[in-house]
Amino acid sequence: MLQLLGFLIIFALVGGGLALTSGPAVLHALPLELGLIGGAAVGTVMLGNSPQVAREAFAGFWRAFRGARFSRRDYAQQFEVLAQLMRAVRKGGFVAIEADVEAPERSALFARAPALARAPEARALICDAFRLMALDLSDPARAAARMNQAIDTHAGQRMKAVAALNTLADALPALGIVAAVLGIIRTMGMIDQSPAVLGGMIGAALLGTFLGVLLAYGLVGPIAARYGQIVEEEMLFLETVRAAISAFGQGAAPSIAIEMARTLLPAHLQPDPPASGGLRAVVTAPSAAAQRRANER
């Protein structure tokens, strides 16, 4: 994994340089300085954020190395569920999917897509959108607006965790200075010692500044940036739901709605297009709007 390799390179170069250039007193103070700065860093995240945001921020360290949750296979499962729901609506109306959208946790259709079970926000988005469309067939834009609002809310909540990590990266140099000042205070209390002893104590005190800057720009800052990229990539899982259902609500055939959502994805996440009988099947398939007009007549 690229992020793990980068971490090992930083640790090897900077840690090796510290071990080669510092004295025994500095290395002896290293665990204490790391504990002091790390503990203060954890406290600042807890102090400045809600419990939910703090948990999400701490989880960002692991997620930055693990990567995004959704793969090409997960998007294929999502598209299959959406296509099945759309086909059922066109064949039997919204009554045909009532059991699925009202109780998705007991739905055999949703059970075939483990990706949606791992993303309850996406499953809720699908069910709420079809529910709104069933209540007001004449205004599909209402469901689209509700989906946009739900996506914005979810994205804003997750980006708060990214902001918390960025704030922590900005605070770490100052926390390192605090640790350094504590070391200087301790050194001044032993000013009567020999220059060799004082030199080691001053070096240990400056270690706090060194660690604060290193952790800020060599670890937490890059992790915050990577986690922000992961959040943006994972939001595509909701954006494709919005694109497919919005297109279906405007009258597109299920195959066309799914294709419009599929093309939003980058190449490495795009599942293969479903076999659908070619262009002839797409052109001759009646639209949802046309079918509703026929039913009204």
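Residues numbered from 1 in each chain as written. Predicted model: local features only at pLDDT ≥ 70, side-chain atom pairs only at ≥ 80, totals over all residues. Heavy atoms only, no water.

## A look at the overall build of the chain
Heads up, the condition is: For the purposes of this entry, the term helix denotes a DSSP run of H or I that reaches at least four residues, the term strand denotes a run of E that reaches at least two, and both are numbered from the N terminus. Exposure categories follow from relative accessible area, calculated using a 1.4 Å probe and restricted to protein chains: below 20% of the type maximum is buried, above 50% is exposed, and the middle band is partly exposed. Throughout, the Shrake-Rupley method with a 1.4 Å probe supplies accessible areas, and for residues the shown protein chains are the sole cover considered.
What the chain contains, in helices and strands, is 14 helices and 0 strands. Helices and strands in the chain line up, N terminus first, as α-α-α-α-α-α-α-α-α-α-α-α-α-α. Taken over the C-alpha atoms alone, the chain extends approximately 100 × 35 × 30 Å along its principal axes. Burial status across the chain gives 38% buried among its 297 residues. Accessible surface computed for the chain: about 16,000 Å², of which carbon and sulfur atoms make up 65%.

## A few points about the packing of aromatic side chains
We apply this condition: The pairing test for Phe, Tyr and Trp rings, Trp by its six-membered ring, is centres within 6.5 Å, and the orientation test on the planes gives stacked under 30 degrees, edge-to-face over 60, and tilted for anything in between.
On inspection of all chains with the given rule, the structure shows 6 aromatic pairs. Relative to phenylalanine 79, the ring of tyrosine 75 has its centre 6.4 Å away and its plane inclined at 45°; by these criteria the two rings are tilted. Of this pair, tyrosine 75 and phenylalanine 79 both sit in helix α4 (residues 72-92), 4 residues apart, roughly one helical turn. The pair tyrosine 75 / phenylalanine 79 is uniform in exposure class, with both members buried. Look at phenylalanine 130 and phenylalanine 248: their rings are 6.5 Å apart centre to centre, the planes differ by 55°, and that puts the pair in the tilted class. Note that phenylalanine 130 is positioned in helix α8 (residues 120-135) and phenylalanine 248 in helix α11 (residues 236-249), a separation of 118 residues in sequence. Residue phenylalanine 130 is classed as buried on the basis of its relative accessible area of 1%. In this structure phenylalanine 248 comes out as buried when scored by relative accessible area, which is 2%.

## Quick word on helix α9 (residues 140-188)
To keep it simple, the criterion reads: Each helix should span, by expectation, one fewer than its residue count multiplied by 1.5 Å. A residue's bend is the angle separating two fitted axes: one through the seven residues that end there, the other through the seven that start there.
Compared with the 72 Å implied by 1.5 Å per residue over 49 residues, the 73 Å span of α9 between its first and last C-alpha is a close match. Remark: the principal bend of α9, roughly 35°, maps to alanine 171, with a proline, proline 173, within the next four residues.

## Notes on the nonpolar core
Rules: For our purposes a nonpolar core is just a set of buried Ala, Val, Leu, Ile, Met, Phe, Trp, Tyr and Cys residues, chained together by side-chain atoms within 4.5 Å. Should any heavy atoms of two residues lie within 4.5 Å, those residues are considered in contact.
Counting residues in hydrophobic clusters, the biggest one holds 72 residues, and the most contacted among them are Leu82, Met86, Ile126, Phe130, Leu172 and Ile245. Sorting elements by how many residues they give to this core places α9 first, with 13 residues. Excluding anything up to four places from it in sequence, leucine 172 contacts Ile37, Ala41, Gly212, Leu215, Ala216 and Val220.

## A word on a nonpolar patch on the surface
The cut-off we apply is this: Like-charged residues within 9 Å of one another, or nonpolar side chains (Val, Leu, Ile, Met, Phe, Trp, Tyr) within 5 Å, are grouped into patches, provided each residue has over 30% relative accessible area and no salt bridge. By salt bridge we mean one thing: a side-chain nitrogen of Lys or Arg within 4 Å of a carboxyl oxygen of Asp or Glu.
A cluster of nonpolar side chains, contributed by Leu36, Ile177, Val178, Val181, Leu182 and Ile185, occupies part of the molecular surface with about 520 Å² of accessible area. In this structure, leucine 182 sits in helix α9. Classification of leucine 182 by relative accessible area gives partly exposed; the value is 45%.

## Section: the confidence of the model for the chain
Detailed conclusions should not be drawn from predicted coordinates in areas where pLDDT is low. Selection criterion: Looking at any residue, its pLDDT shows the predictor's confidence there, from 0 to 100.
When the pLDDT values of the chain are averaged, the result is 86; 91% of them are 70 or greater. Predicted confidence is poor over residues 276-297, with pLDDT under 50, and the contacts of this stretch with residues over four places away or in other chains come to 14 contacts.

## Here's the deal with the packing of helix α10 (residues 195-234) against α11
In plain terms, the rule: Inter-axis angles, ranging from 0 to 180 degrees, are taken between N-to-C directions of lines fitted to C-alpha atoms, where helices are fitted over the stretch in contact. Here the angle decides the label: under 35 degrees means roughly parallel, over 145 means roughly antiparallel, 65 to 115 means roughly perpendicular, and every other value means oblique. Only Asp, Glu, Lys and Arg are considered charged, only Ala, Val, Leu, Ile, Met, Phe, Trp, Tyr, Cys and Pro nonpolar, and every remaining residue, Gly among them, polar.
Closest axis-to-axis distance for the α10/α11 pair is 5 Å, and the angle between their directions is 20°. Put simply, α10 runs roughly parallel to α11. Residues Glu232, Glu233 and Glu234 of α10 form the contact with α11, whose participating residues are Leu236, Phe237 and Leu238. A breakdown of the residues in the contact of α10 with α11 according to their chemical character gives 3 nonpolar, no polar and 3 charged.

## Points about the environment of alanine 244
Inspection of the secondary structure puts alanine 244 in helix α11. Between the alpha carbons of alanine 244 and glycine 92 there is a distance of 19 Å; along the sequence they are 152 residues apart. For alanine 244, the contacting residues outside a window of four places in its chain are Leu82, Met86, Ala257, Ile258 and Ala261.

## Examining the side chain of glutamine 77
By secondary structure assignment, the location of glutamine 77 is in helix α4. What makes glutamine 77 buried here is its relative accessible area of 16%. If we skip the residues at most four places from it in the chain, glutamine 77 touches Arg112, Ala113, Pro114 and Ala115.

## Some details on the side chain of aspartate 100
Applicable threshold: The charge count includes Lys and Arg as positive and Asp and Glu as negative, but it does not include His or the ends of the chains. The term polar contact refers here to a pair of N or O atoms within 3.5 Å; inside protein, the definition further demands a hydrogen-donor-capable atom paired with an acceptor-capable atom, and it admits residues adjacent in sequence only when both atoms are side-chain atoms.
Along the polypeptide, aspartate 100 turns up in helix α5 (residues 98-102). Of the buried charged residues, aspartate 100 lacks a salt bridge, with arginine 112 as the closest side chain of opposite charge at 8.0 Å. In this structure the side chain of aspartate 100 is engaged in a polar contact, spanning 2.5 Å, whose partner is the side chain of serine 107. Beyond its immediate chain neighbours, meaning those up to four positions away, aspartate 100 contacts Leu85, Ser107, Leu109, Phe110 and Cys127.

## Quick look at the pattern of salt bridges
The final tally for this structure, using the stated rule, is 12 salt bridges. The salt bridge partner of glutamate 234 is arginine 158, with a shortest N-O separation of 2.5 Å. Within this pair, whereas glutamate 234 is found in helix α10, its partner arginine 158 is found in helix α9, the two being separated by 76 residues in sequence. A relative accessible area of 3% places glutamate 234 in the buried class. Given the relative accessible area of 7%, arginine 158 is considered buried. One salt bridge in this structure joins arginine 262 and glutamate 259, with 2.8 Å as the shortest N-O distance.

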